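Below are the chains, spelled out letter by letter.
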Amino acid sequence: MNTKNIMIVGVGGQGSLLASKLLGYLLLQEGYDVKVSEVHGMSQRGGSVVTYVRFGEKVYSPIIDKGEADFIVSFEELEAARYVEYLKKDGRIVTNTQQIDPMPVITGAAEYPTDLISKIEKLGIAVDAMDCLSLAEEAGSAKAVNIVLMGRLSKYFDIAPEKWDQALEACVPAKFLELNRKAFALGREA
Amino acid sequence: MKQLMLGNQAFARGLYEAGCCVVSSYPGTPSTEVTEEAAKFDDIYCEWAPNEKVAMEVAFGACLAGKRSFCGMKHVGLNVAADPLYTCSYTGVNAGMVICVADDAGMHSSQNEQDSRHHAIASKVPMLEPSDSQEAYAFAKLAYEISETFDTPVIIKMCTRVAHSQSIVDTAERVVPPVKAYEKNIAKYVMMPGNAIRRHPFVEERTRKLIAYAENCELNRVEMGDTRLGIITSSTSYQYVKEVFGDTACILKLGMINPLPEKLILDFASKVEKVAIVEELDPIIENHCKALGLEVTGKDVFPMEGEYSQNMIAEKLEGKAAAYCKLDETLPVRPPVMCSGCPHRGLFYTLKQNKVTVLGDIGCYTLGAVAPLSAMDVTLCMGASISSIHGFNKALGEESQGKTVAVIGDSTFMHSGMTGLANIAYNQSNSTVIILDNSITGMTGHQQNPTTGYNIKGDPAGKINLEELCHALGFNRVTVVDPYDLAECDRVLKEELAADEPSVIISRRPCVLLKYVKPKKPLKVLCDKCVGCKSCMRLGCPAISMKNGKAAIDTTLCVGCGVCKQLCRLGALESQE
């Protein structure tokens, strides 16, 4: 099998590291070679952050380059648009519709672009957009946006839901497991 | 057992299995997790040292005592530790000593993009360069063998993509070698001229032996394929090359980057029609090949700056351009910012209002230079704020009186701010130094330091009192302020700028991301009172934005610090109990 590429993008502090941990664990259990590349340090402080998850028979590069991603999982609308160039021709974007103003918008130096999702769709790209923040809050915590998105992403994989659940159990602290199970289910079913 | 591991975690596992007993490091992205992960093994003594020079000297002392030791740092940290490095190359080791240096091509979290391989060459110390987690793990173990066989410290060079990528590692058990009893040996260990003169030929001879080792060791390997192109590469660049060429091109994969082999390279080159060198940053392999008389492609097509990738290699070596969709829209950038509730924000706002020249330093607070605060004029290296304000004020004398401050974090102050402060006290410039004490090393992800009172494991430890330390260095004026209290910050700053002697202000409040700091409820905007004047937005807090002409608070981000409330003259921002 050719290497599959998932990019997780968002704003530093939104919890992308847990999402990549979950995917890494799951895909390793499925018997794939896996590489996950993260960003630590200064970019994490509210900046645009990217995590690469790659899996297949044999994975070499730890990063995903332009035109290579099968999926972009985005925690925020503007960030989904920012990384469109990384998507494969027939790739898919799974995104939270939450909008977080970057500093240039806060200071008035720039405006938050409008209708980004329909502009992306006009390029012929499949976009699965949903309000993950509301679903996360419904599950019990605004911080569960990451797991709502993982639930949504799981729809596009031929991996049994029990396997996803086992990965959740392995990656999430026990006291938050039920909350995250609910978040995952809400994302998957929405 | 096979598991997915971060490169740095795999490195730590290698240290553990090799029987490493003492670890001393200073945090620095992307090296930090090697030491954090090593600290999870109870069999290894681990500590955060105040700086990299201290860390390396601790590791040297431990290896001298007969136990395998380690110190880790980022690329610029090796500049700080260069002094012990260059001479422990001469003394050699007793038990093995391994050094990790992590480069940051692309500058994800660094102030420059220097190539650490130069330090290995200049100090004549062997350097290994893993290309994934499995190699980071295996090379850490092998490095101790090399260290003890050749009587030398060994550097393992990581880079961001190896340090911070997870890949599969097959681990084993820990094996602790017997302690090598320390034996007094003045000729080997006391580096005064008479002895060092005799050690230098040993170093040169060692290099010759290491070159012979490099010619056919397991670290350097040839992968034969189509002989029309031969690529010499190392580190993460090897992975990009494999991604593009798979098994089709010939590859000489170098795991030992100093010293470089000669016969192996010449032999490889003789078997291929054309040689290309793929290495990030400086042309070190390339220049070596050219010195051997080879004609190669390298920096004539590849950049000296930034990170490489598979697309870049396909384009430069095969002329293949990647195809992808583009959005015809200018998107606002999203630079990193100080967190909402960050205690540094109030202090930087005060500095901006007072229009002082700010000599800054390295840490989260370097983000004080970002708009709208833009309250930092200079950032150079660890500790430079304090030393350079002294130079600035000595140069201008009366002219800069009361117009400059230095700002430095608590950890950076312990790293290399103290000596600068001693210089101010000794040579008397009328300088105002602000220590931003957020009770943690913030930017690298919350490491303890000598001022926090806790060690690397979170257990109680010695605690240096900053006020007493500043007094002891000769400062009469030392004032503590709460950076959440803007009026008090302003009053104290004005007072200390006006004073006719050097002074220290300690701006003290713990980092808002610390677990023990409990956030307050988010602030509420009273829409009938808000007139949309944007006064609160001058803070550059990511939790505040304008929605429909009124201030709006992002309740997922706001921690209720209340600094913005102090800027609203209409009382439109309200704390909630």
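Since this is a predicted model, take the numbers as computed values, not measurements. (Residues numbered from 1 in each chain as written. Chains lettered and ligands numbered in written order. Predicted model: local features only at pLDDT ≥ 70, side-chain atom pairs only at ≥ 80, totals over all residues. Heavy atoms only, no water.)

(A) Structural view of the side chain of Thr432(B). Residue and element names in this part refer to chain B. With respect to the helices, strands and loops of the structure, Thr-432 is situated in strand E17 (residues 432–437). For Thr-432, a relative accessible area of 2% puts it in the buried group. Setting aside anything within four residues of it in sequence, one finds Thr-432 in contact with Ile-389, Thr-404, Val-405, Ala-406, Glu-496, Leu-497, Ser-503 and Ile-505. (Helix = DSSP H or I, 4+ residues; strand = E, 2+ residues; numbered from the N terminus. Buried < 20%, exposed > 50% of the residue type's maximum accessible area, 1.4 Å probe, protein only. Contact = heavy atoms within 4.5 Å.)

(B) Representation of the sheet that holds strand E7 (residues 154–159) of chain B. Residue and element names in this part refer to chain B. Spatial ordering of the open sheet is given by E3-E2-E4-E5-E7-E6-E12, a layout of seven strands whose pairing is mixed. At either margin of the open sheet sits one strand with a lone partner, and together these are strand E3 (45–48) and strand E12 (256–258). The pairing of strand E5 (residues 97–103) with E7 spans six bridges and is parallel. Counted as the bridge partner of Ala-102 is Met-158 from E7. Packing against the sheet, helix H7 (residues 133–150) makes contact with strand E4 (69–74), E5, strand E6 (127–128) and E7, and its axis sits at approximately 160° to E7. (Pairing = 2+ DSSP bridges. Axes fitted to C-alpha atoms, helices over the stretch in contact; angles between N-to-C directions.)

(C) Structural detail: the side chain of Ser25(B). Residue and element names in this part refer to chain B. Within the secondary structure layout, Ser-25 lies in strand E2 (residues 22–25). The class of Ser-25 is buried, set by a relative accessible area of 0%. Here the side chain of Ser-25 touches Gly-72 through a polar contact of 3.0 Å, landing on its backbone nitrogen. (Polar contact = N/O pair within 3.5 Å; in protein donor to acceptor, adjacent residues only side chain to side chain.)

(D) Spotlight on the interface of chain B and chain A. At the interface, 58 residues of chain B touch 56 residues of chain A. Buried area between chain B and chain A, summed over both chains or domains, comes out near 4700 Å², and the portion from carbon and sulfur atoms is 60%. In terms of surface lost to chain A, no three residues of chain B exceed Leu327(B), Pro332(B) and Arg334(B), which account for 17% of the buried area on that side. At the boundary of chain B with chain A, the tally comes to five salt bridges. Residue Glu79(A) is joined to Arg334(B) by a salt bridge in which the shortest nitrogen-to-oxygen separation is 2.5 Å. Taken together, chain B and chain A are joined by 20 residue pairs in polar contact (both at pLDDT 80 or more). At the level of elements, strand E1 (2–6), strand E8 (165–170), helix H11 (235–245), helix H14 (310–318) and strand E21 (544–547) of chain B are the ones that each hand at least two residues to the side of chain B that touches chain A. (Buried area = accessible area lost by both parts, 1.4 Å probe. Salt bridge = Lys/Arg side-chain N within 4 Å of Asp/Glu carboxyl O.)

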